[in-house]
Amino acid sequence: MSLSLPSVGMSPLRVAVVGAGAAGLCAARHVLARPAAYAPPVVYELTENVGGTWCYDERVGCYDNGQPIPSSMYKNLRTNLPKEIMMFPDFPFDHQLPSFLSHQEVQRYLERYCRSHQVTPHIRFSTVVEEVNPVTLETEGAGPKTVWEVTSSDIKGAKKMETFDSVFVCSGHYSDPCLPDIPGMDHYKGTVIHSHSYRVPEPYSGQSVVVLGAGASGLDISVELAGVNAQVILSHGKPPFTFPLPPGIRQAAPLARVNQDGAFCFQDGSTARAEVLLLCTGYNYVFPYLRGDALGLEVRKELVSPLYRFLLPPAFPSLFIIGVCKLILPFPHFHCQVQFALRVLEGLVPLPSRAQMEEEVRGQMDAKRRLGVPNKHLLRLQADQWEYCQDLARDGRFTPLSPIFRSLYEEVWRCRNVHPQDYRKANYRLASDTQWELIN
Ligand SMILES: Cc1cc2nc3c(=O)[nH]c(=O)nc-3n(C[C@H](O)[C@H](O)[C@H](O)COP(=O)(O)OP(=O)(O)OC[C@H]3O[C@@H](n4cnc5c(N)ncnc54)[C@H](O)[C@@H]3O)c2cc1C
Ligand SMILES: NC(=O)c1ccc[n+]([C@@H]2O[C@H](COP(=O)([O-])OP(=O)(O)OC[C@H]3O[C@@H](n4cnc5c(N)ncnc54)[C@H](OP(=O)(O)O)[C@@H]3O)[C@@H](O)[C@H]2O)c1
């Protein structure tokens, strides 16, 4: 085990959790479930609510206190994963609900998760974490030990510094818009917004809109806009979609530049004018309270590395970044990562040396790069997520995810790619631990 890990001994370990979204609630819930090893956690949450992304706020921009509004949720969003697998594996959604839910239903679920596990008393609402710094202490006989100084500021601006044995970073990564450099953008005089600030389609009714990017946001919002008679040009770099799109949407090649006359020029040379440019170009990784250089971590907009097992910086294995990967089944993934991390802290999962962990991560990344994976996609897991979660469960000796999670996830992805407008009409039922059924 690394020398800088705290050890479970006479006094319970103190854990700080940054963020009370799904990941932070999951971390706090599992800490609370192990009272012999851990003191109750301190959960810092910059808003007044739990739920993170799922806490819809019709406002955009900043709160009165100057903090940016983190949620990217829009009013009509429905989940793109069915509740039967989106749930934390030990905490089902209400069985009477349909499979694909509104954000209000997910928010209610997270509030219930929080209440049922008695996490609420441990959350410091309206409190922003400003700094997280490791401090190495010499202990008598047991070698050096890392503790974490967490500096936070409450709504009145009062600062506080507290010390912990471990920090769980659960502040999410879908809040800071990724804004592409578009040559000639100065020539464009229309409205520009990012999907982070998109809430409702009505303001765009009857307008011409170029939607840039065709991830979940780009595709879903294009369909919403077409529903209010906007004329949508969906510009993206994926192979053209062959599934049916509503009549108001036409696809275009990626955007090359804005011409001097303000028209959009696409990479195939075609041009179009539009009143609105809606950037659905994804999000940056940002952890303003972490000093990457001091942690041996490179935090770039598109990549955080090295993270051993996509979870911890090898130089400081008592800091855990939960949910950094993309293309995952988020709640079950957090559930596995948190349990693994707690067992690492308890010394039940021995870690290799810092050098070995760094070498392993480098090897994984290099292998992906050799396959042509660009840096911005190195943290995508998709098909690899199942083996990843399985390995965490094996090494951490906790219950693995049932195979249902994978099989239903793959089925829903298949349906999404056949009919992105209709796949949410389906309802599923878990027939047993290993089988699901389509019930309509
Ligand atoms: C538009 C959209 C739709 C999605 N749809 C789905 C879906 O259908 N199904 C699904 O499973 N997943 C979906 N996701 C993914 C979603 O992000 C995850 O499900 C999950 O909610 C992420 O939880 P999190 O706790 O990691 O982050 P978040 O939900 O972002 O929570 C982070 C929390 O940390 C707080 N915080 C941030 N910085 C600080 C700080 N410095 N100090 C204190 N607190 C801080 C924030 O206020 C926030 O409450 C969607 C994401 C988006 C953006
Ligand atoms: N429940 C729902 O229905 C729903 C709706 C919206 C979002 N979400 C979730 O929210 C998260 C974020 O999704 P997201 O779609 O906002 O972000 P995303 O998944 O990162 O997708 C962004 C897309 O924009 C593309 N892109 C980036 N720059 C571009 C450019 N200059 N020109 C053209 N395309 C560009 C990216 O392509 P490259 O990858 O090639 O860079 C990518 O396909 C995901 O977890 C998603 O599942 C869910």
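Residues numbered from 1 in each chain as written. Chains lettered and ligands numbered in written order. Predicted model: local features only at pLDDT ≥ 70, side-chain atom pairs only at ≥ 80, totals over all residues.

### What about the overall build of the protein?
Assigned secondary structure in the protein consists of 9 helices and 22 strands. Taken over C-alpha atoms, the radius of gyration comes to 23 Å for the protein, in line with the 22 Å a tight globule of 440 residues would show. Based on the C-alpha atoms only, the size of the protein along its principal axes is roughly 70 × 50 × 50 Å. (Helix = DSSP H or I, 4+ residues; strand = E, 2+ residues; numbered from the N terminus. Rg over C-alpha atoms; globule rule 2.2 N^0.38 Å.)

### What to know about the site of ligand 2
Inspection of the region around ligand 2 gives 22 residues, with Gly 213, Gly 215, Ala 216, Ser 217 and Gly 282 positioned closest. Looking at which domains feed residues into the shell around ligand 2, each of domain 1 (15–175 + 284–403) and domain 2 (185–279) supplies at least three. (Near = placed C-beta within 6 Å. Domains from an automatic or database assignment.)

### Overview of the pairing of strand β1 (residues 15–18)
What you see with β1 is no split at all: Val 15 and Val 17 on one side and Ala 16 and Val 18 on the other are buried throughout. As judged from the 3 bridges shared by β1 and strand β2 (residues 42–44), these two strands associate in the parallel manner. Across the sheet, residue Ala 16 finds its bridge partner in β2, namely Val 42. For the handedness criterion, the β-α-β arrangement of β1, helix α1 (residues 22–32) and β2 is classed as right-handed. (Buried ≥ 20, exposed ≤ 12 C-beta atoms within 10 Å, placed from the backbone. Pairing = 2+ DSSP bridges. Right-handed = clockwise from strand over helix to strand, strands pointing away.)

### Observations concerning the environment of Ser 197
In this structure, Ser 197 sits in the loop between β9 (191–194) and β10 (208–212). In this structure, the C-alpha to C-alpha distance between Ser 197 and Val 60, residues 137 residues apart in sequence, is 5.6 Å.

### A word on the domain arrangement of the protein
Entries for the protein in the domain assignment read domain 1 (15–175 + 284–403) and domain 2 (185–279). Placing the centre of domain 1 and that of domain 2 at their C-alpha centroids yields a distance of 33 Å. Across the contact, 8 residues belong to domain 1 and 8 residues belong to domain 2. Residue composition of the side of domain 1 that touches domain 2, by class: 2 nonpolar, 4 polar and 2 charged. (Contact = placed C-beta atoms within 7 Å. Nonpolar A, V, L, I, M, F, W, Y, C, P; charged D, E, K, R; others polar.)

### Things to note about the packing of α1 against helix α6 (residues 330–345)
Between α1 and α6, the shortest axis-to-axis distance is 9 Å and the interhelical angle comes to 40°. In terms of orientation, α1 lies oblique with respect to α6. As for the relative orientation of α1 and α6, their crossing is right-handed in sense. Note on element contacts: α6 touches α1 through Pro 330, Phe 331, Phe 334, His 335, Val 338, Gln 339 and Leu 342, opposite Ala 22, Ala 23, Cys 26, Ala 27, His 30 and Val 31. Of the residues in the contact of α1 with α6, the class split is 10 nonpolar, 3 polar and no charged. (Axes fitted to C-alpha atoms, helices over the stretch in contact; angles between N-to-C directions. Parallel < 35°, antiparallel > 145°, perpendicular 65-115°, else oblique. Left-handed = near helix turned anticlockwise from the far one by under 90°.)

### Points about the sheet that holds strand β14 (residues 264–266)
The strand order across the open sheet formed by 3 strands is β13-β14-β15, and the pairing between neighbours is antiparallel. The two strands at the open ends of the sheet, each matched to only one other strand, are β13 (255–258) and β15 (271–272).

### Considering the sheet that holds strand β16 (residues 276–279)
Strand order across the open sheet formed by 5 strands is β9-β16-β10-β11-β12, with parallel pairing between neighbours. The outermost strands of the open sheet, each flanked by one partner alone, are β9 and β12 (249–252). In this sheet, adjacent strand axes meet at a mean angle of 20° when their direction is disregarded. When β9 meets β16, the two strands line up parallel, connected through 4 bridges. Residue pairing in the sheet places Thr 191 in a bridge with Val 276 of β16. Of the strands in this sheet, β10, β11 (231–235), β12 and β16 are in contact with helix α4 (residues 216–226), which crosses β11 at around 165°.

### Description of the environment of Pro 98
Mapped onto the elements, Pro 98 comes out in the loop between α2 (83–86) and α3 (103–116). For Pro 98, a count of 18 C-beta atoms within 10 Å translates into the label partly exposed.

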